[in-house]
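Summary of structural features
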Amino acid sequence: MDIFEKLMRLDRRWVFLFLIVVCVLTYAFDFEIPVLVEPEVEAIFDFVDTLPAGSVVMIPIDYDPGSLAELHPMTYAIVEQCWRKEIKLIFSALSQNSPGMADQAIRDISDSLKVEKEYNGVVYPPREIVNGVDYCFLGYKPYPAIIILSMGQNFRLPFPLDYYGTPLDSLPMMRNIQNYDDVACVIDISGTNSTDYWISYGQGRYGFPLAIGVTGVSTAQYYPFYGSGQIFGIMGGMLGAAQYEQLADNPGLAKDGMRVQWSAHMVIILFIILGNVGYFVSRYRARREERR
Amino acid sequence: MDFSTFLWTTFAAFLTLATYSFLYKDNPFYKIAEHIVTGVAAGYFAILLWHNGLVPKLWFQRLDDGDWWTLWLNSSKPWYLIPALLGVLMWTRFSKNYQWISRWPMALYIGISAGIAVPLEMSNRVNKQLYDTMADLDWANFLGQGRFFFLDTASGLSQLLIVIGVVAALIYFFFSKAHTGVFGATAKLGIWTLMIGFGASFGFTVMARISLFINRMQFLGGWGAEAFNASGTTPNENYTAWFQLFFWLMVLLVVGYATREIIIHVRGKAKSS
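Moving on: the domain arrangement of chain A. Annotation of chain A at the domain level lists domain 1 (3-28 + 260-291) and domain 2 (39-251). For domain 1 of chain A versus domain 2 of chain A, the distance between C-alpha centres works out to 41 Å.

See below:
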């Protein structure tokens, strides 16, 4: 059996093992991979960056812990950018396993605002983030399509109370906010098909500016909506999150993972090439044998 | 990190490794992790629906003065009982004799969903995509702008490629005419277009799967830093006794299972030879 036949019969577990070893080694050695920012990510950053203080942005956190790896870095980067710029936020969690995780993330980011930090040459003083003043967390309700439609009439229809049980009218920031007309944009960060609902039932029905952050698996399917202008920006997977972190000058878990992404992709490309070489050589030999 | 949180984090680290053990082969540790995830997700969702749907909508309502009142006993919204009744009718699916009743709430639900979905989906997922596909070619910006000018989605070249790709892919799915000659060549272009699309999706999917692994490495790294002090070998003194008990119990389990696997493998080899 020559090397090409061995390649074709290689146990896939050797590939897994090799990939794991490469990933762990790359993770152990700290070096930086340059991240090129794409226009669809820059559009979201620029939109948020040019909003005046006091504006309201809605951020639906529509993902389960299973998509946390790709989408949490987006949430952390955008929410911190908004709060540093004193933009108020409305959160919702229309995926069934997301409310607890979203609540934890909101608390974590609130804590990170308590220290002074410098981003892109601007020093931001420490801030105390107050529930009801700087943000409102609506929580979860089933059937996202219906919820998205009814929020277009009034946030109080599906969510008379926020996640913590406080009536929305009791929250200072919600007193003058009725529906999507009162928010500057919606940035849906989603690991489920709720993005489809936000496009069709939200942006399509009410016409507000919509941007999305989605998992790598579903990124390609949403590019047509970017081309048609139905969404003004798109962040795809960990790469999209790393690009946003770069723009926000706030490196986090996504940028930290890019060197591992790079090495893992190199290994996979190498295996694809080897597999194809093995396949074509074996096919060529089989045909040559047939001719004899 | 307090001890309770640390203990749960250690258990999460064990579950992470248990899940990845499936890459070698199916085993009891993977099964344990799989069942825990399924059970926890189902339980969490059930409680979430109870507290976010049934309780505030059907049983209790908070008044403006902050008091709670029971909808059942003092209801000014008796129509809430209609969807409640329809929901109860869904449960007739468990009876062979009365399961036909469950079609009523299903019919209502599907009817409402279709009524809402059809016009909005048609408008936003079909019509707007058609308008964009048939947009006038931008000759002034044919090659596009920016660093990757050829990837500029607003360029005339991109618009032209989209039109050609859409028409060719549609022709590939037209089976009423034999795929020969010019028609066949266009269909072949269509399959290439589809393959490029699938390739992009595959690339993103690889990135997604690696991202999950990276996140787990970051998690295990954080756990390791918490569990061990700077020397990297001694358990953190705050948790020494409990940590060691839990950690070594897990190690014992894994080593025991691995030994069992090796014995089975060696015996199998001996039998076959």
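It is common to report an interface's size as the accessible area lost on association of the parts. With 42 residues of chain B at the interface, the matching set in chain A holds 58 residues. In this assembly, chain B packs against chain A so that about 4,300 Å² is buried in total across both faces, 66% of it on carbon and sulfur atoms. Three residues stand out in chain B for area buried against chain A, namely B:F204, B:M207 and B:Q218, and they jointly supply 13% of the buried area on that side. Scanning the region where chain B abuts chain A turns up one salt bridge. Counting residues per element, the side of chain B that touches chain A draws most heavily on helix α6 (residues 181-227) of chain B, at 17 residues. Considering only residue class, the side of chain B that touches chain A consists of 23 nonpolar, 10 polar and nine charged.

This part takes up the packing of aromatic side chains. Evaluation of the coordinates by the stated rule reveals 32 aromatic pairs over all chains. Here the aromatic rings of A:W83 and A:F91 are separated by 6.0 Å at their centres, their planes lie at 80 degrees, and the arrangement is edge-to-face. Taken as a pair, A:W83 and A:F91 share a single burial class, namely buried. Between B:Y20 and B:F213 the ring centres are 5.3 Å apart and the planes differ by 80 degrees, which places this aromatic pair in the edge-to-face class. Remark: B:F213 occurs in helix α6 and B:Y20 occurs in helix α1 (residues 3-20); sequence separation between them is 193 residues. Clustering of aromatic rings is evident, with ring pairs tying together A:F155, A:Y180, A:W198, A:Y206 and A:F208. For A:R205, the ring lying beneath its charged end belongs to A:Y206, and the centroid distance is 4.8 Å. Over the ring of B:F219 we find B:R216; its NZ or CZ atom is 4.4 Å from the centre of that ring.

All names here are of chain A. Of all hydrophobic cores here, the largest spans 56 residues; its most connected members are I59, W83, L89, F91, I187 and Y244. Top contributing element to this core by residue count: helix α4 (residues 68-84), with eight residues. Leaving out residues up to four positions away in the same chain, I187 has contacts with I44, V48, V57, M58, I59, P60, I78 and A211. Counting residues in each nonpolar core, the second largest holds 35 residues, with M58, L94, M173 and W198 among its members.

Let's shift gears to helix α7 (residues 194-206) of chain A. Each turn of an α-helix holds 3.6 residues, which means side chains three or four residues apart point in the same direction. Buried within α7(A) are the following residues: A:S194, A:T195, A:D196, A:W198, A:I199, A:S200, A:Y201, A:G202 and A:Q203. In the stretch just after α7(A), A:G207 is the one whose phi turns positive, near 75 degrees.

Below, the discussion takes up a positive patch on the surface. On the surface, A:R283, A:R287, A:R288 and A:R291 cluster together into a patch of positive charge. Examined against the element boundaries, A:R283 turns out to sit in helix α10 (residues 253-291).

To continue, consider the sheet that holds strand β5 (residues 135-137) of chain A. Residue and element names in this part refer to chain A. Within the open sheet, the six strands sit side by side as β5-β2-β1-β6-β7-β8. Their pairing is parallel. Edge positions in the sheet fall to β5 and β8 (233-236), since each of these pairs with one other strand and no more. Sheet twist, expressed as the mean angle between neighbouring strand axes with direction ignored, is 15 degrees. Here strand β1 (residues 56-62) runs beside strand β2 (residues 88-92); their pairing, made up of five bridges, is parallel. Residue pairing in the sheet places P60 in a bridge with S92 of β2. Each of β7 (210-214) and β8 touches helix α9 (residues 237-247); the most contacted strand, β8, lies at about 115 degrees to it.

Residue and element names in this part refer to chain A. Counting buried positions along β7 gives five out of five residues, so the element sits mostly inside the fold. Along β7, one buried face is formed by L210, I212 and V214 and the opposite face, lined by A211 and G213, is buried too. Of the crossover connections in this fold, the one passing from strand β6 (residues 185-190) over α7 to the parallel β7 is right-handed. In this structure, β7 lies alongside β8, joined through four bridges in parallel fashion.

Another aspect to go through is a nonpolar patch on the surface. All names here are of chain A. A contiguous nonpolar patch, built from L10, W14, L17, V21, L25, F29, F31, W262, M266, I269, I273 and V277 and spanning about 1,200 Å² of accessible area, is present on the exposed surface. Where the nonpolar patch is concerned, the elements lending two or more residues are α2 (12-28) and α10. Positionally, L17 belongs in helix α2.

When you line up the elements, A:Q203 lands in helix α7. We classify A:Q203 as buried; its relative accessible area is 12%. When neighbours within four sequence positions are excluded, A:Q203 is seen to be in contact with A:W198, A:F208, A:L210, A:Q230 and B:K128.

The rules behind each value
Residues numbered from 1 in each chain as written. Chains lettered and ligands numbered in written order. Predicted model: local features only at pLDDT ≥ 70, side-chain atom pairs only at ≥ 80, totals over all residues. Heavy atoms only, no water. Domains from an automatic or database assignment. Contact = heavy atoms within 4.5 Å. Buried area = accessible area lost by both parts, 1.4 Å probe. Salt bridge = Lys/Arg side-chain N within 4 Å of Asp/Glu carboxyl O. Helix = DSSP H or I, 4+ residues; strand = E, 2+ residues; numbered from the N terminus. Nonpolar A, V, L, I, M, F, W, Y, C, P; charged D, E, K, R; others polar. Phe/Tyr/Trp six-rings, centres within 6.5 Å; stacked < 30°, edge-to-face > 60°. Buried < 20%, exposed > 50% of the residue type's maximum accessible area, 1.4 Å probe, protein only. Lys NZ or Arg CZ within 6 Å of the ring centre and 35° of its normal. Core = buried A, V, L, I, M, F, W, Y, C linked by side-chain atoms within 4.5 Å. Patch = residues over 30% accessible without salt bridge, like charges linked within 9 Å, V, L, I, M, F, W, Y side chains within 5 Å. Areas by Shrake-Rupley, 256 points an atom, 1.4 Å probe, with all protein chains shown as cover. Lys, Arg positive; Asp, Glu negative; His and termini not counted. Charge placed at Lys NZ, Arg CZ, Asp CG, Glu CD. Pairing = 2+ DSSP bridges. Axes fitted to C-alpha atoms, helices over the stretch in contact; angles between N-to-C directions. Right-handed = clockwise from strand over helix to strand, strands pointing away.

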